[in-house]
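Each chain, letter by letter, is given below.
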Amino acid sequence: MKSWIDALARTRAALANGIRGLFRPGSVVSREDRERLEEALVSADVPMWLAGKLLDDAAAARSGVPIRATVEQTLLSAFASKAAFSWESAVKPRVVLIVGVNGSGKTTTAAKLAWHAKRRGLTPILAAADTFRAAAAEQLRKWASSVGCDVIAGAAGADSAAVAFDAVKAGVSRGADLVIIDTAGRMHTKQPLMDEMGKIRRSIGKSMPGAPHETLLVLDATLGNNAVAQAKVFHEIVPLTGVVITKLDGSAKGGFIPAVNKELGVPVYFVGLGEGAEDLAPFDAAEFVKGLLGPEA
Ligand code: GDP
């Protein structure tokens, strides 16, 4: 699996110029240092409330007193919710609905989750409820065969709610641990998406009362702050239980992640660190902070 340090290289580079002045041993943090820091924080999409705290840390720094520990603490304290995705559950199957706009990495994330479930000795089923693109079902079939799990897919143009219904039924009858449902992510206007999501969720609930147990939003990290805006729209449409942030490895704007947690009140469960099935890591605030700041000099 790719590492956090590698995946955050571009965001760290965006911050480096601003942070260098803070961590210079034995020197005062000058006004120029603080200005450079502010610019760097903005360019990495660090939310304003957090940037303000970091600038306060810099302003309060005294000559010769290293402030790395203070900065680390400020960054860590930005993550209020530490909830983790729970793989084990008394409920079987656990139904996980994956939502997000096209291209955000939904299908890949569904497959990665199935791969990790298998590694834990669980039996996942993948469901292709994205019936608008014929290629989507094909892509998920390929993933299922490489992961080694069952896949439920309808014909192109089939009713996505019916596919989701069948997948949950199959999960119950086959004794699966997890049913992971990939959905379509057209987001031209809010109403059709809302109708579609409502229909899928009702259909899943009919198939298994209480399901879906998790609704995960997949967000593309290369969008930076725009991903936060997207998340707010989705959260109004479907109540989210968690977020997965993909393509952290390709983003220079990874500084937005604390905003997802704080402004939506929803935990970031996983991050995508690469394209491989194994490249999905549970979100870890300490690794994130280390990846942003780089190794101590
Ligand atoms: P969907 O339309 O939302 O289902 O998106 P896909 O799963 O098809 O992913 C779109 C593209 O993003 C594909 O080329 C994936 O390989 C790529 N992708 C998904 N997650 C990641 C990630 O964490 N890192 C990188 N580098 N690429 C990713």
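Provided above is the structure to which this section pertains.
This write-up is about the structure you can find in this document. (Residues numbered from 1 in each chain as written. Predicted model: local features only at pLDDT ≥ 70, side-chain atom pairs only at ≥ 80, totals over all residues. Heavy atoms only, no water.)

With that out of the way, let us pick up unusual backbone geometry. Of the consecutive residues Lys-92 and Pro-93, the connecting peptide bond is found in the cis state with omega at -5°. Note that Pro-93 resides in the loop between helix H5 (68-76) and strand S1 (94-99). In this structure, Pro-212 follows Ala-211 across a cis peptide bond, with omega equal to -5°. Checked against the element boundaries, Pro-212 lands in the loop between helix H9 (190-207) and strand S5 (214-220). If you check the backbone angles, Asp-45 has positive phi at about 65° while not being a glycine. On the basis of relative accessibility, which here comes to 9%, the residue Asp-45 falls in the buried class. (Helix = DSSP H or I, 4+ residues; strand = E, 2+ residues; numbered from the N terminus. Buried < 20%, exposed > 50% of the residue type's maximum accessible area, 1.4 Å probe, protein only.)

Right, let's talk about empty space enclosed by the protein for a bit. Taken as a whole and judged by the stated rule, the model has 1 cavity of 30 Å³ or more. Space inside the largest cavity adds up to approximately 70 Å³. Considering the residues around the largest cavity, the lining is formed by Leu-15, Ile-19, Leu-22, Leu-37, Leu-41, Val-46, Leu-54, Val-71, Leu-75, Leu-292 and Leu-293. Of all the secondary structure elements, the ones that give two or more residues to the lining of the largest cavity are helix H2 (9-23), helix H3 (31-43), H5 and helix H12 (285-293). When residues of the lining of the largest cavity are assigned to their parent elements, the largest contribution, 3 residues, is made by H2. A breakdown of the residues in the lining of the largest cavity according to their chemical character gives 11 nonpolar, no polar and no charged. (1 Å grid on protein atoms, 1.4 Å probe; cavity = no way out; pocket = protein on both sides within 12 Å on 5 of 7 lines; lining within 4 Å. Points joined across faces, edges and corners; volume = space filled by probe spheres on them. Nonpolar A, V, L, I, M, F, W, Y, C, P; charged D, E, K, R; others polar.)

This next bit is on the packing of aromatic side chains. Each aromatic ring pair is specified by the distance between its two centres and by the angle formed by the two planes. Counted under the stated rule, the structure contains 9 aromatic pairs. Seen in terms of ring centroids, Phe-79 and Phe-283 are 5.1 Å apart; in terms of plane orientation they differ by 45°. Their pairing is tilted. A residue pair is termed long-range when its members are at least 10 positions apart, and Phe-79 in the loop between H5 and S1 and Phe-283 in the loop between strand S8 (280-282) and H12 qualify at 204 residues. Judged by relative accessible area, which is 17%, Phe-283 ranks as buried. What links up through ring pairs into an aromatic cluster is the set Trp-4, Phe-79, Phe-283 and Phe-288. Of note, Arg-94 hangs over the ring of Phe-85, and the distance from its end group to the ring centre comes to 5.5 Å. Sitting over the ring of Trp-49, Lys-262 keeps its end group 4.7 Å from the ring centre. (Phe/Tyr/Trp six-rings, centres within 6.5 Å; stacked < 30°, edge-to-face > 60°. Lys NZ or Arg CZ within 6 Å of the ring centre and 35° of its normal.)

This next bit is on the pairing of strand S3 (residues 150-153). As paired elements, strand S2 (residues 124-129) and S3 share 4 bridges and run parallel to each other. Bridging across to S3, Ala-127 finds its partner in Ile-152. In this fold, S2 hands off to helix H7 (residues 134-147), which returns the chain to S3; that crossover is right-handed. (Pairing = 2+ DSSP bridges. Right-handed = clockwise from strand over helix to strand, strands pointing away.)

This part is about the nonpolar core. Core analysis: the biggest nonpolar cluster contains 74 residues, and Ile-181 and Ile-245 have the highest contact counts within it. Once you skip the residues sitting within four places of it in the chain, Ile-245 turns out to touch Leu-219, Ala-221, Phe-256, Ile-257, Val-260, Val-268, Phe-270, Val-271 and Gly-272. (Core = buried A, V, L, I, M, F, W, Y, C linked by side-chain atoms within 4.5 Å. Contact = heavy atoms within 4.5 Å.)

Another aspect to go through is the pairing of strand S7 (residues 268-272). Burial analysis of S7 places 5 of its 5 residues in the buried class, which makes it a mostly covered element. As a crossover connection, the stretch from strand S6 (residues 242-246) through helix H11 (residues 257-264) into S7 is right-handed. By the bridge criterion, 3 bridges tie S7 to S8 in an arrangement that is antiparallel. Opposite Gly-272, over in S8, you have Leu-280 as the bridge partner.

Another aspect to go through is the sheet that holds S3. A sheet is described by the order of its strands in space; here 8 strands give the open sequence S3-S2-S4-S1-S5-S6-S7-S8, paired in mixed fashion. In this open sheet, the two edge strands, each paired with only one partner strand, are S3 and S8. Sheet twist, expressed as the mean angle between neighbouring strand axes with direction ignored, is 25°. Sheet strands in contact with H9 are S1, strand S4 (178-183) and S5, and its direction is about 170° off that of S1. Its contacts with the sheet place helix H10 (residues 225-237) against S1 and S5, and it is angled at close to 155° to S5. (Axes fitted to C-alpha atoms, helices over the stretch in contact; angles between N-to-C directions.)

So, on to the packing of H2 against H12. Orientation of H2 relative to H12, taken along the N-to-C sense of each, is 75°, at an axis distance of 8 Å. Taken together, H2 and H12 sit at an angle that is classed as roughly perpendicular. Contacts between H2 and H12 involve Thr-11, Arg-12, Leu-15, Ile-19 and Phe-23 on the former and, on the latter, Gly-291, Leu-292 and Leu-293. (Parallel < 35°, antiparallel > 145°, perpendicular 65-115°, else oblique.)

Side chains that carry opposite charge are capable of pairing whenever their charged atoms lie near each other. For the structure on display, the rule yields 13 salt bridges. Between Asp-249 and Lys-2 there is a salt bridge; the shortest N-O distance is 4.0 Å. In this pair, Asp-249 is assigned in the loop between S6 and H11 and Lys-2 in the segment before helix H1 (4-7), connecting sequence segments 247 residues apart. For Arg-141, the salt bridge is made with Glu-138, and the minimal N-O distance between the two is 3.6 Å. Taken together, the residues span about one helical turn, with Arg-141 and Glu-138 both in helix H7 at a distance of 3 residues. (Salt bridge = Lys/Arg side-chain N within 4 Å of Asp/Glu carboxyl O.)

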